[in-house]
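# Examination of the molecular architecture
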Amino acid sequence: MLPTPPTLHVVGTEMVVGAFALSGACFLLSVLGVMNIWKFEILIKKADTIAHGALVFGLLATPLAIFSGIQSSPGDDVQSSILATKLFLSMSGIGLAIAVLMVRKKFGFEVWSNMKSAVAHASIGMTAVGTILLTASLGGRFSRGESLLDFAHLPYDTLFLAPMWFSIILLGIGIANIVMYFRTSSAVEH
């Protein structure tokens, strides 16, 4: 007998949340090392490797969490504002995580070579982690009526939508960044 979608969703969600949380902690350790709050460069390299590896694992586990969540969602709540917000946050987190991995692939360990790039890289990585963890917290609100973040009194039932012109601008920026990435990658190889 195969596991049911709700069971698969719990497993998938735990893998995603665990991987992203580990990644966020390692991004924080890496940037603290660059800031000389702790002096072990070998640990910065290890935290960097774990941060990006956990991010990859979290991204690979995300489709299981999303698709099993859709399958286990009650049919009448598909139009819920919480689910729309979860979709927005998870897609934002996935995009940020992919961007972090692309930058790391392109520049290697050099992203930690100066304070400015290290803080930017870690901040974007931790923002990706935060959006995924917030998505999981919203899932608790949707399925159990409670969330780990209830103390913050977040507007769970408010759907934040951007106007069409803003979405088009963001799409254009994203496409331009991808084109620039591949152009500079091919120029570096030649």
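Residues numbered from 1 in each chain as written. Predicted model: local features only at pLDDT ≥ 70, side-chain atom pairs only at ≥ 80, totals over all residues. Heavy atoms only, no water.

What follows covers the overall build of the protein chain. Scanning the protein chain from N- to C-terminus turns up five helices and zero strands. Element order for the protein chain, N to C, with α for helix and β for strand: α-α-α-α-α. When each of the 190 residues of the protein chain is scored for burial, the buried share is 32%. By sequence separation, contacts in the protein chain at least 24 residues apart represent 78% of the contacts at least 6 residues apart. A total accessible area of about 11800 Å² is found for the protein chain, and carbon and sulfur atoms account for 72% of it. (Helix = DSSP H or I, 4+ residues; strand = E, 2+ residues; numbered from the N terminus. Buried < 20%, exposed > 50% of the residue type's maximum accessible area, 1.4 Å probe, protein only. Contact = heavy atoms within 4.5 Å. Areas by Shrake-Rupley, 256 points an atom, 1.4 Å probe, with all protein chains shown as cover.)

This part takes up the nonpolar core. Judged by nonpolar contacts, the single largest core of 23 residues is most densely connected at Val16, Phe20, Phe27, Leu55, Leu59, Ala97 and Trp112. Elements represented by at least two residues in this core include exactly α1 (5–34), α2 (41–72), α3 (81–107) and α4 (115–144). Excluding residues that lie within four positions of it along the chain, Leu59 makes contacts with Phe20, Ile94, Ala97, Ile98 and Leu101. (Core = buried A, V, L, I, M, F, W, Y, C linked by side-chain atoms within 4.5 Å.)

The subject of this paragraph is the packing of aromatic side chains. What the rule picks out here adds up to zero aromatic pairs. If you follow Lys45 out to its NZ or CZ, it ends over the ring of Phe109, 5.4 Å from the centre. (Phe/Tyr/Trp six-rings, centres within 6.5 Å; stacked < 30°, edge-to-face > 60°. Lys NZ or Arg CZ within 6 Å of the ring centre and 35° of its normal.)

Take the side chain of Ser68 next. One can find Ser68 in helix α2. In terms of polar contacts, Ser68 uses its side chain to reach the backbone carbonyl oxygen of Leu64, at 2.5 Å. (Polar contact = N/O pair within 3.5 Å; in protein donor to acceptor, adjacent residues only side chain to side chain.)

Attention now moves to α1. For α1, with 30 residues, the first-to-last C-alpha span of 43 Å sits near the 44 Å given by 1.5 Å per residue. One or two steps after α1, the chain reaches Asn36, where phi turns positive at roughly 65 degrees. (Expected span 1.5 Å × (residues − 1).)

This brings us to the packing of α1 against α2. At their nearest, the axes of α1 and α2 sit 7 Å apart, and the two run at 155 degrees to each other. Overall, the two elements α1 and α2 adopt an arrangement that is roughly antiparallel. Judged by the sense of rotation from one axis to the other, the crossing of α1 with α2 is left-handed. (Axes fitted to C-alpha atoms, helices over the stretch in contact; angles between N-to-C directions. Parallel < 35°, antiparallel > 145°, perpendicular 65-115°, else oblique. Left-handed = near helix turned anticlockwise from the far one by under 90°.)

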